Every structure is written in C-alpha cells, then in structure tokens.
Amino acid sequence: MFKSFSKNLVVGLVVTTALLVTLTVVSFLSVRRSEGSHKWLLHTQLVLRKVNLINISLLKMEEQAKNYVLTGRKEDYQQYVNSTRFVSKDIPYLKNLVADNASQHRRIESLEIYTAQRIQELNKLVDFRKTNPSSPALPLILQANSSDTRSAYEKKIDEFRQAERRLGKIRTDGSNRDSAFSLAVLFSSTVPGFAFIFLLFFFIRKTFKEKENLNRDLLETIGRLQEQDKTLEKIKEFQFLADSLPHIIWTASPEGNTDYFNKFWYDYSGLTRQESISGGSRALIHPDDLAMSLSVREESFRKKVPYQIELRIKNAATGEYKWFLAKAAPYFDNHGNVLRWFGSSIDIDEYKRALDLENKITQYEDFNRIVAHNLRGPAGSIDMMLDLIADTEAEEERAEYFELLKGSSKSLNATLNDLMKVLEIRLSKHVEKEDCELESMIKGVCTMLNGQIATKEAKISLDLDIKVISYPKVYLESIIYNMVSNSLKYSKDNEIPVIQISSKRELNRTVLRFKDNGLGIDLKRHGKNLFKMGKTFHAGYDSKGVGLFMTKTQIETFGGSIEVESAPGEGSQFTVTL
C-alpha cells in the first residue's frame, strides 16, 4: 500500500512537476510573446513619432525657405540648411527601424522619394532666390505651396500614419490576447501546483496591468499626436487665410503682447518679425494718433473689451501715411478667461480722402456763394454810381455821387478783406503752435474791450483748470475775442452781462466754455445757418455775420470743433474743443 502510495505520489509529483514545467514553459512563452507584442507596440509608436518629427522638420524647412525668399537674410538660409541636414539624417534612421517589415520599408522608401523631391523643389526655390535677389518672392512661395509634390507628400504622410495606427491597433489586440491566454493557463493548474501557480499568476497579473497601462499610454499618445496634427492643420489654414487678405492681421497673448503678424503687414511696414513684436510698429503710427491709439489699446486690454479706432500708419515703400480702421477683440474660454487677442486693420484711406474731398467741395461751394452774394451788392452800387455820374452835369450831384462811390468802394474792400481772412485761415494749417497762458490772454482781450465792459458794467469770471494751451496764439486770441465781444454785443439792455469762461480736460482734449446771460439764439430757426458767413440773428446791431463763421473756420482748421447751447432770452453757451 505504501509502495502504491509512493508510486502514486511519485507519479503525482512527476505529473505535477511535468504540469508545472509545462505551465511554466507555456506561461513563459506566452509572457515572452506578450513582451514581444509590446515591443512591437513601442516600435510602432517610435516610428509614428519619427515620421511626425520629419513632417514637422519639413514644414520648418518650408517656412525657413519662405523667410529666406522674403528677407534674403543669411540667418534664414543657414537655418534652412541645418533643417535639411536634420531631415536627411532622419530618413535613413527611419528606414533602419522598419528594415524587418517589408510593407513598412516600401512605404518609407516611397516617402523618402517624395521627401527628396520636396527638398529638391525647396532647394531650387532657395537657389533661385540667391541668384535672383530682385525677383518678387510671393509668386515663388505660392508656387512652392501649390506644388504637386507637396500634395503627394502630404498624402503619403497621411497614408503612412493610418497604416501605422492600424498596425498599432492590431499589435495592441494581440498583446491583450496573449496576456489573457497566460491568465487562462494559470487558472487551469492543479491543486498541488496552486502555490507556484498563484505566484506565477500574480506575476502575470502584474505584467498584464503594466501592459494595459502601456497600451493605454500608447493610445493616449496616438490621440495627442492626432490632436497635434489637427492643430497644425488649423494653424496652417489660419495663416494661409490671414496671408491672403489685403489687411493687417495680428494676434496677441492674453496680456496684450503681440506675437503674430500676417504677410501684408511685413510688406506694408517693411519691418522684420522681431522688430514688429518688440514694439517697432509704434514708430510707423502718425505722431498725432500715437498717444490716442496706445491709450485706447491699453484700456481695452485692461478691461478685456473690444476696441475700434481710426489711425494713420506709414507705408514703408512710399513714406506716406494711410488711414486704417483698427479693430481688436478678445477670445474667451468657457470660464471667461482671455485666451488670445485677435486684431485687424483695414485700409480706409481712399474713403477718408473721398470724405475730405467732399467736405472741401462743399466748403468751396459755400465760399463761392458767399463771394457771389457779398460782392454783388457793392459791385452793383459802384456800377450804378458810375452811371449816375456819367448822366449828371451838376458838380454838387457829381460830388455827392463820388462820396457814395467811395462808400461802395470801401464796402467792397472790407468784404474782400473779410474773404481774404477766411482764405488765410483755411490755408494756414501749418502755423506753429505756442504755449499760450490762458488767463493773461483773456485779460488782454478784456483790455481791448474795456470800453464795452465799462459801459455795460459786465462781469467776467474765470474757472481755468487748464492754465496753458499749446495753440497758434493769433488764432486762440481771435477765438476768445469773438466769443467775449459777441457776449457783450448781444447782452440784454436791462441786465448786467455775466460772462463765465472755463477750461477743462475731457477725453484727452482741451475744452473751453463761454457762457453768458444774453439774448440767446433760437436754434430751431437759425441752427442750420448759425456758423455760415453773412448770417445775423438779431436786428438793430452792427453785425456782418462774419465773426462766428471765422471762429468756426479757425477751430476746424486745427482739428477742433465748436458747439452751442442756447434759447431765446436764456443766454448762450459755446463749447470749443481744441
């Protein structure tokens, strides 16, 4: 019985040992096979990454070739040469990686052919730029962008990626099946080998988890690569669209630091990318628009709101300033945080010139009508006096007619002098500005009007927040004189004139206000003709209707404006923005 038990035990041990050995061998082979599958997965991942690196390097080569064609700089050419060497080294390395896979090797060889053709095309483009530095660069770049070789290359790249991803999925599934088979073998072991199998199971299970984690990491990596591909495509599409537009396009970081300009900007400004993003664009903005544009831009970035302004930017080719309509708006994420700023500047120079021409035509038409109207009376009187002198023989009558003739001649000269003053104002846009002390200038005007002020016992009060104004002195004095003299002239007979003069700073502009308690003006009746030459609004006063017209002309000549608030019997307030 003991022999039988021993025999059975030996047989059991032998069987158990054989089973354990068999299970161990099978498990070992299964694990090795799983490890082999995982290595292939890593191999596939490495091939994909290398292909993407080659693609990115080729895109850099294209960009560097374009930069060299646009700028002709040696730095761009050297970067292009370095990238060419990098791609030339990576292709043989990639061929070695897939040497044991015939289908992969054929695809790499096909990709190598198209890569070599693309590099050859870019070399031709660069060589053509070196030998023909004055040739226009844009047609060459567009020719390179639309190349059949490039399209075929991008098609081959996409086909290779898809094939590698399919191969990666197949190898992932194979690795999972191998791991599952190892577990099944372990679970089928006998009781005597349970402890050994448990330990082996624990090892296989741990290995399986590691494989799952590696497979998951691989899938995530493939997903990220796919997203990177999509992002690269979107960036290329945006740049192509931006470069195709005849406008200035730019982007900036959430803090407002500009990091991109389209091709139109570089052609128009003549600046390099480094000069543009480091603030060189400010030198091209018209001096009169610079402070305003910077203020609006900074406030917009600070408040995270869009802005729109009109400004003048210098053309590098002609040296002339052109008007642009500049707009910018922030792009927010789902939490209200600014991700980027997008801006554009549209050329509106022709529109502004047309508008200015229309205004000038209207002004000249008004001026022609004024000349015709104001000269018709004196000229007709002179003609009539000459006829009367010719028809009479009495010396007394002739003397009387000569006196009337002198009066008409003086009236004609006065009218011509007024018209000449208007023309001088319109043509004097480049009069030098001076620092005018406002209070002393007002006192000087009051000295000139001392007679009227004393006669009417007028009271003049000042509220001057702005003490000194940079403006042509003769015109500022004329503006103040006309405003004060009108307030004195059109005061009420039974009421002491009260004139209030103030100066403020509003919206980065100097604002003067002249307020009185005089007769006032019916703006409903006379508002449209208030500042026209020869228009008067109160009977019984020695008025020619020239003062307000000349004042408005002087103010607008230097980019200012004048507005009025008034009602009959309630006085007037004139607001002058300089």
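Reading guide: rules and limits
Residues numbered from 1 in each chain as written. Predicted model: local features only at pLDDT ≥ 70, side-chain atom pairs only at ≥ 80, totals over all residues. Heavy atoms only, no water. Core = buried A, V, L, I, M, F, W, Y, C linked by side-chain atoms within 4.5 Å. Buried < 20%, exposed > 50% of the residue type's maximum accessible area, 1.4 Å probe, protein only. Helix = DSSP H or I, 4+ residues; strand = E, 2+ residues; numbered from the N terminus. Contact = heavy atoms within 4.5 Å. Salt bridge = Lys/Arg side-chain N within 4 Å of Asp/Glu carboxyl O. Pairing = 2+ DSSP bridges. Axes fitted to C-alpha atoms, helices over the stretch in contact; angles between N-to-C directions. Polar contact = N/O pair within 3.5 Å; in protein donor to acceptor, adjacent residues only side chain to side chain. Phe/Tyr/Trp six-rings, centres within 6.5 Å; stacked < 30°, edge-to-face > 60°. Lys NZ or Arg CZ within 6 Å of the ring centre and 35° of its normal. Left-handed = near helix turned anticlockwise from the far one by under 90°. Nonpolar A, V, L, I, M, F, W, Y, C, P; charged D, E, K, R; others polar. Patch = residues over 30% accessible without salt bridge, like charges linked within 9 Å, V, L, I, M, F, W, Y side chains within 5 Å. Areas by Shrake-Rupley, 256 points an atom, 1.4 Å probe, with all protein chains shown as cover. pLDDT = per-residue confidence, 0-100. Lys, Arg positive; Asp, Glu negative; His and termini not counted. Charge placed at Lys NZ, Arg CZ, Asp CG, Glu CD.

Trainee: Any chance you could break down the nonpolar core for me, citing the residues and the numbers?
Mentor: Within the largest apolar cluster, 35 residues are counted, with the highest numbers of intra-cluster contacts made by L476 and I480. Sorting the residues of this core by element identifies α12 (438-448), β8 (468-471), α14 (473-489), β9 (498-506), β10 (509-516), α16 (547-557), β11 (561-566) and β12 (572-577) as the ones contributing at least two each. At 7 residues, α14 tops the list of elements feeding residues into this core. Every residue in contact with L476, bar those within four places of it in the chain, is listed here: C436, L438, M441, I469, Y471, L512 and L578. I54, M61, L94 and L97 belong to the second largest nonpolar core, which has 20 residues in total.

Trainee: So what's going on with the pattern of salt bridges? Residues and values would help.
Mentor: Tallied over the entire structure, the rule returns 14 salt bridges. Its salt-bridge partner being R73, residue D76 comes within 3.3 Å of it at the nearest N-O pair. Taking the relative accessible area as the measure of exposure, D76 reaches 5% and is therefore buried. Of the charged contacts, one joins E506 and R513 as a salt bridge, the two residues approaching to 3.1 Å between their closest N and O atoms. Overall, the relative accessible area of 22% leaves R513 in the partly exposed class. A single salt-bridge network, built from bridges that share partners, covers D463, D465 and K504.

Trainee: Describe in detail the sheet that holds strand β5 (residues 338-347), supporting the description with residues and values.
Mentor: Spatial strand order, β2-β1-β5-β4-β3: 5 strands in an open sheet with antiparallel pairing. Here the strands that pair on one side only, and so sit at the sheet edges, are β2 (258-261) and β3 (307-314). With direction set aside, neighbouring strand axes in the sheet form an average angle of 25°. Where strand β4 (residues 321-332) lies against β5, 9 bridges are found, and the strand directions are antiparallel.

Trainee: Summarise the side chain of S83; cite the residues concerned and give the values.
Mentor: Counting through the fold element by element, S83 comes out in helix α2 (residues 74-97). Owing to a relative accessible area of 11%, S83 belongs among the buried residues under this scheme. At 2.8 Å, the side chain of S83 and the side chain of Q64 are in polar contact. When neighbours within four sequence positions are excluded, S83 is seen to be in contact with M61 and Q64.

Trainee: Got a sec to walk through the side chain of Q64? Specific residues and values, please.
Mentor: Tracing the backbone through its elements, the reader meets Q64 in helix α1 (residues 2-71). Not counting residues within four places of it along the chain, the set of residues in contact with Q64 comprises D76, Q79, Y80 and S83.

Trainee: Which residues make up the sheet that holds β11, and what are the values?
Mentor: Ordered in space as β7-β9-β10-β12-β11, the 5 strands form an open sheet in which the pairing is mixed. What marks the edges here is a single partner per strand, and that holds for β7 (459-464) and β11. Along the sheet, successive strands turn relative to each other by an average axial angle of 15°, direction set aside. As judged from the 6 bridges shared by β11 and β12, these two strands associate in the antiparallel manner. Looking at the pairing, S561 lines up with T577 of β12.

Trainee: Give me the environment of T510: which residues, what numbers.
Mentor: In this fold, T510 is placed in strand β10. Sequence separation between T510 and I466 is 44 residues; the distance between their C-alpha atoms is 7.7 Å. Apart from the residues lying within four places of it in its own chain, the contact partners of T510 are I466, I469, K504, R505, V576, T577 and L578. A distance of 2.8 Å separates polar atoms of two side chains, one belonging to T510 and the other to R505.

Trainee: If you had to explain the packing of aromatic side chains to someone new, which residues and values would you point to?
Mentor: For the structure on display, the rule yields 7 aromatic pairs. Taken together, the ring pairs connect F261, W265 and Y266 into an aromatic cluster. The side chain of R297 reaches across the aromatic face of W250, ending 4.9 Å from its centre. Its end group placed over the ring of W323, K352 keeps NZ or CZ at 4.5 Å from the ring centre.

Trainee: Can you explain unusual backbone geometry? Please cite residues and give values.
Mentor: When glycine is set aside, most residues are seen to have a negative phi, and most peptide bonds are trans. Its identity as a non-glycine residue notwithstanding, K304 has a phi of 60°, on the positive side. Considering the arrangement of structural elements, one finds K304 in the loop between α9 (287-303) and β3. Given the relative accessible area of 42%, K304 is considered partly exposed. Of note, E457 is a non-glycine position whose phi angle comes to about 55°, a positive value. Along the chain, E457 falls in the loop between α13 (450-456) and β7.

Trainee: An account of the packing of α14 against α16 is needed here, citing residue identities and associated values.
Mentor: For the pair α14 and α16, interaxial distance at closest approach is 10 Å and the crossing angle is 145°. The way α14 lies across α16 gives a crossing that is left-handed. Touching Y475, S478, I479, N482, M483 and N486 of α14 are G547, L548, T551, Q554 and I555, all from α16. Residues that form the contact of α14 with α16 fall into these classes: 5 nonpolar, 6 polar and no charged.

Trainee: Could you give me a rundown of a nonpolar patch on the surface, with the residues and numbers involved?
Mentor: Taken together, the side chains of Y331, L339 and F342 define a hydrophobic patch exposed on the protein surface, amounting to about 290 Å² of accessible area. Its relative accessible area of 48% is what places Y331 among the partly exposed residues.

Trainee: Report on the confidence of the model for the protein, specifying residues and quantitative values.
Mentor: Summing up the model confidence of the protein, the mean pLDDT is 76 and the portion of residues at 70 or higher is 71%. For the protein, the element scoring lowest by mean pLDDT is helix α4 (residues 137-145), at 53; β4 scores highest, at 94. Every residue in residues 1-6 scores below 50 in pLDDT, and together they form 0 contacts with partners more than four places removed in sequence or on other chains.

Trainee: Please provide a residue-by-residue account of the environment of E563, values included.
Mentor: Structurally, E563 can be placed in strand β11. Taking the C-alpha atoms as reference, E563 lies 8.5 Å from T577; in sequence the two are 14 residues apart. Setting aside residues up to four positions removed in sequence, E563 forms contacts with Q573, F574 and T575.

Trainee: Mind laying out a negative patch on the surface, listing which residues take part and the relevant values?
Mentor: Side chains of E432, E434, D435 and E437 sit close together on the surface and give a patch of like negative charge. By the element assignment, E434 lies in strand β6 (residues 434-437).

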